[in-house]
Amino acid sequence: MTDRALVEHAHQQFNMLFMLGGADTVFRSGSCDLLLDASTVILFNPWVPHLKLANDGKPTTILSLVIEAEWIDRVLERRGLRAGLVFPHVVESMKPCVQRAAERLAGAISRGLLDNGEDRELPLIELIDAVVAAYIVPETATVTASGRPIDFRIRKAIAYIHDHALENPRIEEIARVVGLSRSRFFEQFRNCVGVSPRHYVDHIRMRAAMHWLSATERSLVEVADELGFGAHSNFTRFFAQHMAVSPSEYRRQTHSLG
């Protein structure tokens with residue numbers, strides 16, 4: 001539940017947003033404002049930058065799922081569709097079958113049913129299946145994830161980011177390593193990857209933080225130190241600006257499924 005704004009960010013995965021209760025809220029992608037209310041679903045394809053505006057009134061309870069492409073592909077192939085398809089529209093109308101599946105998943109999470117048991121993944125699989133069936137239909141099955149050619153210097157930049165992400169490298173530093181001016185590097189990176197270098201660095205750092213918080217016993221101070229934050233409060237602010245919850249709250253609520 002949150003009423004706060006989120007900074008612009010992007011995920012390597014699909015990001016599905018469902019409103020479970022509270023006030024309507026607005027996300028933004030590019031110049032488009034996207035209303036999330038009881039009648040809508042927001043579906044961000046991988047590497048689509050977006051942010052959340054602060055609520056005017058009371059907070060919103062949101063079910064936010066970050067789903068690896070492999071999960072979507074499995075459902076697509078089971079339905080006889082081609083792997084690699086993406087959602088044709090960012091905002092869709094809420095379908096009753098999707099709403100029921102989202103509510104079942106939210107209920108399973110609140111009751112701790114995803115923590116153990118042979119069928120712990122079932123509510124999530126049912127929701128993904130319902131979303132794919134409702135919003136990637138045969139008529140739009142020609143829509144595929146765009147494959148961008150990757151310049152060798154951008155490949156080198158991506159490798160450098162992964163090797164040095166915990167050091168929070170500056171964009172000027174990465175551009176210098178690959179032999180490009182800052183402006184040319186920014187342009188080439190966005191053309192090849194689909195997001196800015198800063199978004200990509202932040203994504204890698206957030207992914208590391210989320211893994212350590214959900215899958216290890218490292219303290220918040222240790223995680224902040226690993227990510228090169230000078231103070232624990234700076235890490236908490238960075239994390240909350242991307243996830244709308246503090247690292248400690250994320251650790252309490254998170255459920256990671258293989």
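Everything below is about the structure shown above.
What comes next concerns the included structure. (Residues numbered from 1 in each chain as written. Predicted model: local features only at pLDDT ≥ 70, side-chain atom pairs only at ≥ 80, totals over all residues. Heavy atoms only, no water.)

Here the focus is the overall build of the protein. Of regular secondary structure, the protein possesses ten helices and eight strands. Out of the 258 residues in the protein, the part that is buried amounts to 46%. Long-range contacts, defined as pairs at least 24 residues apart, comprise 75% of the intrachain contacts of the protein with a sequence gap of at least 6. Here the protein has roughly 12,900 Å² of accessible surface; of this, 50% comes from carbon and sulfur atoms. (Helix = DSSP H or I, 4+ residues; strand = E, 2+ residues; numbered from the N terminus. Buried < 20%, exposed > 50% of the residue type's maximum accessible area, 1.4 Å probe, protein only. Contact = heavy atoms within 4.5 Å. Areas by Shrake-Rupley, 256 points an atom, 1.4 Å probe, with all protein chains shown as cover.)

Within the secondary structure, Phe-229 sits in the loop between α8 (220-226) and α9 (232-243). The spacing of Phe-229 and Asn-168 is 61 residues in sequence and 8.9 Å in space, taken between C-alpha atoms. Here Phe-229 is in contact with Arg-205, Ala-224, Asn-234, Phe-235 and Phe-238, once residues within four sequence places are set aside.

Quick look at unusual backbone geometry now. A positive phi angle is found at Asn-168, which is not glycine, with a value near 50 degrees. On the secondary structure map, Asn-168 appears in the loop between α4 (152-164) and α5 (171-178). With relative accessibility at 33%, the residue Asn-168 sits in the partly exposed group. Positive phi values are uncommon outside glycine, yet Ala-244 reaches one of about 70 degrees.

With antiparallel pairing, four strands are arranged side by side in an open sheet as β7-β2-β5-β8. The strands lining the two open edges of the sheet, one partner per strand, are β7 (60-67) and β8 (91-93). Across the sheet, the mean angle from the axis of one strand to that of its neighbour is 25 degrees, orientation sign disregarded. Direction of pairing for strand β2 (residues 14-22) relative to strand β5 (residues 40-44): antiparallel, over a ladder of four bridges. Opposite Phe-18, over in β5, you have Val-41 as the bridge partner. Sitting on the sheet, helix α2 (residues 96-110) touches β2, β5 and β7, and the angle it makes with β7 is about 95 degrees. (Pairing = 2+ DSSP bridges. Axes fitted to C-alpha atoms, helices over the stretch in contact; angles between N-to-C directions.)

Let us look at the side chain of His-199. Inspection of the secondary structure assignment puts His-199 in helix α7 (residues 197-215). When its relative accessible area of 9% is taken as the criterion, His-199 is described as buried. At 3.3 Å, the side chain of His-199 and the side chain of Glu-8 are in polar contact. Among residues more than four places away in sequence, those in contact with His-199 are Glu-8, His-9 and Pro-49. (Polar contact = N/O pair within 3.5 Å; in protein donor to acceptor, adjacent residues only side chain to side chain.)

What follows covers the sheet that holds strand β1 (residues 6-9). Taken in spatial order, the four strands make up an open sheet running β1-β6-β3-β4, and their pairing is antiparallel. In this open sheet, the two edge strands, each paired with only one partner strand, are β1 and β4 (32-36). Averaged over all pairs of adjacent strands, the angle between their axes in this sheet comes to 20 degrees, without regard to strand direction. Inspection of the sheet shows strand β3 (residues 25-29) paired to strand β6 (residues 50-52) by two bridges, in the antiparallel sense. Residue pairing in the sheet places Arg-28 in a bridge with Leu-51 of β6.

Looking now at the nonpolar core. Core analysis: the biggest nonpolar cluster contains 30 residues, and Met-16, Phe-18, Leu-65, Ile-67, Val-98, Leu-127 and Val-131 have the highest contact counts within it. Top contributing element to this core by residue count: helix α3 (residues 122-135), with eight residues. If sequence neighbours within four positions are ignored, Met-16 has contacts with Ile-42, Leu-43, Leu-63, Ser-64, Leu-65, Ile-67, Ile-72, Phe-87 and Val-131. Counting 21 residues, the second-largest nonpolar core is a separate cluster that includes Ile-161, Ala-175, Val-195 and Val-201. (Core = buried A, V, L, I, M, F, W, Y, C linked by side-chain atoms within 4.5 Å.)

What follows deals with the environment of Leu-220. Positionally, Leu-220 belongs in helix α8. Remark: the alpha-carbon pair of Leu-220 and Phe-235, spanning 15 residues in sequence, is separated by 8.7 Å. When near neighbours in sequence (up to four residues on either side) are disregarded, Leu-220 contacts Leu-213, His-232, Phe-235, Pro-247, Ser-248 and Arg-251.

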